[in-house]
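# Summary of the model geometry
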Amino acid sequence: MDKRNLAERFFTTDVSGIRKVGAMAMGLKDSINLSIGQPHFEVPESIREAAKKAIDEGMNSYTETQGIGKLVDAFQNQLGGYYAKDEILTTLAVSGGLVLSFMALLNPGDEVLISDPYYVMHKQLALLLGVRPVYYETYDCDFQLPLEKIEALITNKTKAIVICSPSNPTGMVYSREQLKALAEILDKHGIVAISDEIYDLFCYDSPFVSIAEFYRANTVVLKGFSKSHAMTGWRLGYAAGPKELIQAMAKFQQFTFVCAPSMVQVAGLEALKVDMTPFAEDYKNKRNKIYNGLIDAGYEVIKPAGAFYILPKAPTGSGVEFVKKCIAENLLVIPGSVFSEKDTHFRISYAASDETIERGLEVLRKII
Ligand code: PLP
């Protein structure tokens, strides 16, 4: 088919950064892979068993758009009872929640505030919908929330802000004080918060805080099982927020995704019973290992407090050039430019065995 048959939105969606990394890594065998955005542990057995049993027992049909009743009840409980049932929607992981919330909130031409560095989908989804991503750069404030800068970027077209804490790719966690202050700014300007909370389990130095605590009436919270339970392929998550917004998202779900996979919804009930905190403890040790290793080797890096990423400065200036050197040594990491308008850093995922992290550090010590 001729490319000209494709819709205009294909040409406004930029995938070059990711494609470049794929091309660079082609041909690598038995590489030291510190690039992957998913936990290295297996889905706990009881969850896998619950899914198999659900299939065998006939949970193979469409479900309610909102999700099966018992699961919505369990989400309500998980959210501390702050949301009514019609303020909760089962989604196809956090990606599903992002698509639906963007669709429900943003018109073409609107502006959405997104941090730089960002999670790629936050930017690309805006572009896909004809929405203008406006970046609040966080390089000069240790990847924290630059409150003054954010307020200065607000225009009469700004409709929403995406908050991602703990963050991919920086690993930063915003403090209670910062989130409260941000909520006050957003309230003053009537801006909706889209809170991507996919890494909420992975907070190493302080308990997880959601902006919803201060701004519930104007926040949509997006949660999921991909990272906390290593269920990336299962596609399960949930959204909670003001009724008008959640019902609008449910309407779009009805005409797009229909429902989250039925047997996965049943398994989700089991997943909520499993204590995943030991995994987070293990990842805290990995965070310490990689951070200390990088500092000892002489890298310039800010200590992350959550998720499973760390974003050091590339010693050679360009992140892309530095990643080429890493790949030449069989180490797979990602240039910061994939997650940013700048090319100055590189992202390491430490969701890997201690041995792999050690091998990665060895290469990084050698090439700095
Ligand atoms: N949000 C962030 C910040 C992520 O890092 C990811 C995946 O890497 C997602 C959302 C999408 O996750 P999922 O759709 O699997 O829940």
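Residues numbered from 1 in each chain as written. Predicted model: local features only at pLDDT ≥ 70, side-chain atom pairs only at ≥ 80, totals over all residues. Heavy atoms only, no water.

Once that is clear, we can look at the packing of helix α5 (residues 93–105) against helix α10 (residues 243–254). When two helices pack together, you describe them by how their axes are tilted relative to each other and by the distance separating the axes. Here α5 crosses α10 at 110°, and the two axes come no closer than 9 Å. Considered as vectors, α5 and α10 are oriented roughly perpendicular to each other. Considering how the two elements wind past one another, α5 and α10 form a crossing that is right-handed. Side by side, α5 and α10 meet where G97, L100, S101, M103, A104 and L105 of the first sit next to L245, A248, M249, F252 and Q253 of the second. (Axes fitted to C-alpha atoms, helices over the stretch in contact; angles between N-to-C directions. Helix = DSSP H or I, 4+ residues; strand = E, 2+ residues; numbered from the N terminus. Parallel < 35°, antiparallel > 145°, perpendicular 65-115°, else oblique. Left-handed = near helix turned anticlockwise from the far one by under 90°. Contact = heavy atoms within 4.5 Å.)

Now for helix α13 (residues 319–328). Within α13 the residues assigned to the buried category are G319, V320, F322, V323, C326 and I327. Down the axis of α13, the buried set is contained in an arc of 160°. They therefore lie on one face. Between the side-chain oxygen at the start of α13 and the backbone nitrogen of V320 there is a gap of 3.3 Å, and the oxygen is on S318. Two residues or fewer after α13 comes N330, characterised by a positive phi angle close to 75°. (Buried < 20%, exposed > 50% of the residue type's maximum accessible area, 1.4 Å probe, protein only. Arc of directions from axis to C-beta. Polar contact = N/O pair within 3.5 Å; in protein donor to acceptor, adjacent residues only side chain to side chain.)

Before going further, it helps to spend a moment on the sheet that holds strand β9 (residues 309–310). Within the open sheet, the three strands sit side by side as β9-β12-β11. Their pairing is antiparallel. The sheet is open, and its two borders are formed by β9 and β11 (334–335), each paired with just one other strand. With two bridges joining them, β11 and strand β12 (residues 346–349) adopt antiparallel strand pairing. From the neighbouring strand, I334 faces β12, where its bridge partner is R347. (Pairing = 2+ DSSP bridges.)

Right, let's talk about the nonpolar core for a bit. In terms of nonpolar packing, the biggest core is built from 91 residues, with I194, L294, F346, I348 and L364 touching the most fellow members. For this core, the leading source of residues is helix α12 (residues 277–297), giving six residues. Residues within four places of I348 in sequence aside, it is in contact with L34, I290, L294, F308, Y309, I310, P312, V333 and L364. One finds V134, Y174, L186 and I191 within the second-largest nonpolar core, a separate group that totals 19 residues. (Core = buried A, V, L, I, M, F, W, Y, C linked by side-chain atoms within 4.5 Å.)

Time to look at the site of the ligand. Taken together, A93, V94, S95, Y119, C164, N168, D196, I198, Y199, S226, K227 and R235 form the complete shell of residues around the ligand. Between the ligand and the protein, one listed contact pairs an oxygen atom with a side-chain N or O atom of S226 at 2.6 Å. Interatomic distance of 2.7 Å between a side-chain N/O atom of K227 and an oxygen atom of the ligand. Taken by itself the ligand offers 390 Å² of open surface, and the protein chains cover 92% of this. (Near = heavy atom within 4 Å. Areas by Shrake-Rupley, 256 points an atom, 1.4 Å probe, with all protein chains shown as cover.)

With respect to the secondary-structure elements, I348 resides in strand β12. Overall, I348 belongs to the buried group, its relative accessible area being 0%. Spatially, the C-alpha atoms of I348 and G360 are 9.4 Å apart, while their sequence positions differ by 12 residues.

Glancing now at the sheet that holds strand β6 (residues 192–196). Taken in spatial order, the seven strands make up an open sheet running β2-β8-β7-β6-β5-β3-β4, and their pairing is mixed. Whereas interior strands pair on both sides, the edge strands pair on one side only; in this sheet they are β2 (88–91) and β4 (132–137). The average angle at which neighbouring strand axes cross in this sheet is 25°, direction not considered. Pairing of strand β5 (residues 158–164) with β6 involves five bridges; the strand directions are parallel.

To continue, consider the packing of aromatic side chains. Enumeration according to the criterion identifies 17 aromatic pairs in this entry. Ring centres of F202 and Y283 lie 5.6 Å apart, and the angle between their planes is 35°; on these two criteria the pair is classed as tilted. Within this pair, whereas F202 is found in the loop between β6 and α9 (212–215), its partner Y283 is found in helix α12, the two being separated by 81 residues in sequence. Take F202: its relative accessible area is 0%, and that puts it in the buried class. (Phe/Tyr/Trp six-rings, centres within 6.5 Å; stacked < 30°, edge-to-face > 60°.)

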